[in-house]
Amino acid sequence: MPEIELTARERQALKAQAHALKPVVLLGAAGLSAAALKEIDRALTAHELIKVRVPGDDRDEREALFAEAAEALSAARVQAIGKVVL
C-alpha cells in the first residue's frame, strides 16, 4: 500500500491538532517489528492521528523506519521532530 501524500494545508492542520498529543507508541530496541506495526495500526484505527517515538541517534535510520511504517500501513507522515514522528 502506498504512503498517503498530504497537501501543505492538510499537513498544517494536522500539526495544529497534534500539538498537545503525547507519543502513543514507543518503539524499542527491536525497531519496527511485526508487533510494533500491529500496535501502530491499532492506535491509528483508534485515534487516526498519533505520535510514535523511535530510539536511536541515526537520523537516516529513523527516517527509513518512518517511511517503512507509513508504506506498510498506508499512512501519512505528517512531521518528524527528532525521535518523534506524527
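Further up the page is the structure itself.
Every value quoted in this text rests on a predicted model; they were computed, and no experiment measured them.

Peer 1: Provide a residue-level description of the sheet that holds strand β1 (residues 25–26), including the pertinent values.
Peer 2: What the four strands build is an open sheet, ordered β1-β2-β4-β3; its pairing is mixed. Edge positions in the sheet fall to β1 and β3 (80–81), since each of these pairs with one other strand and no more. In this sheet, strand β4 (residues 84–85) lies alongside strand β2 (residues 52–53) in antiparallel orientation, the contact comprising two bridges. By the bridge assignment for β4, V52 is matched with V85.

Peer 1: Describe in detail the nonpolar core, supporting the description with residues and values.
Peer 2: The biggest cluster of nonpolar side chains holds 16 residues, and the ones touching the most others in it are V25, L27, L32, I40, I50, V52 and V54. Those elements that provide at least two residues to this core are α2 (34–47) and α3 (59–73). Among all residues touching V25, those that are not within four sequence positions of it are E39, I40, A43, I50, K51, V52 and R53.

Peer 1: Please provide a residue-by-residue account of the packing of α2 against α3, values included.
Peer 2: Across the interface, α2 lies against α3 with an axial gap of 11 Å and an inter-helix angle of 65 degrees. Read as a crossing pair, α2 and α3 show a hand that is right-handed. When α2 is examined against α3, the residues L37, I40, D41 and L44 are found in contact with a partner set consisting of A69, A72 and L73. Of the residues that constitute the contact of α2 with α3, the class distribution is six nonpolar, no polar and one charged.

Peer 1: Now, about unusual backbone geometry: what can you tell me, with residues and values included?
Peer 2: One non-glycine residue with positive phi stands out, namely E48, at about 70 degrees. Within the fold, E48 resides in the loop between α2 and β2.

Peer 1: Tell me what's going on with the layout of surface pockets, and back it up with residues and numbers.
Peer 2: In this model, the largest pocket occupies a volume close to 410 Å³. Residue lining of the largest pocket: 24 residues in total, with L44, A75, A76, R77 and L86 positioned closest to the centre. Of all the secondary-structure elements, those providing two or more residues to the lining of the largest pocket are α2 and α3. By residue number, the principal contributor to the lining of the largest pocket is α3, which donates five residues. In terms of residue class, the lining of the largest pocket is made up of 21 nonpolar, one polar and two charged.

What counts, and where the lines are drawn
Residues numbered from 1 in each chain as written. Predicted model: local features only at pLDDT ≥ 70, side-chain atom pairs only at ≥ 80, totals over all residues. Heavy atoms only, no water. Pairing = 2+ DSSP bridges. Helix = DSSP H or I, 4+ residues; strand = E, 2+ residues; numbered from the N terminus. Core = buried A, V, L, I, M, F, W, Y, C linked by side-chain atoms within 4.5 Å. Buried < 20%, exposed > 50% of the residue type's maximum accessible area, 1.4 Å probe, protein only. Contact = heavy atoms within 4.5 Å. Axes fitted to C-alpha atoms, helices over the stretch in contact; angles between N-to-C directions. Left-handed = near helix turned anticlockwise from the far one by under 90°. Nonpolar A, V, L, I, M, F, W, Y, C, P; charged D, E, K, R; others polar. 1 Å grid on protein atoms, 1.4 Å probe; cavity = no way out; pocket = protein on both sides within 12 Å on 5 of 7 lines; lining within 4 Å. Points joined across faces, edges and corners; volume = space filled by probe spheres on them.

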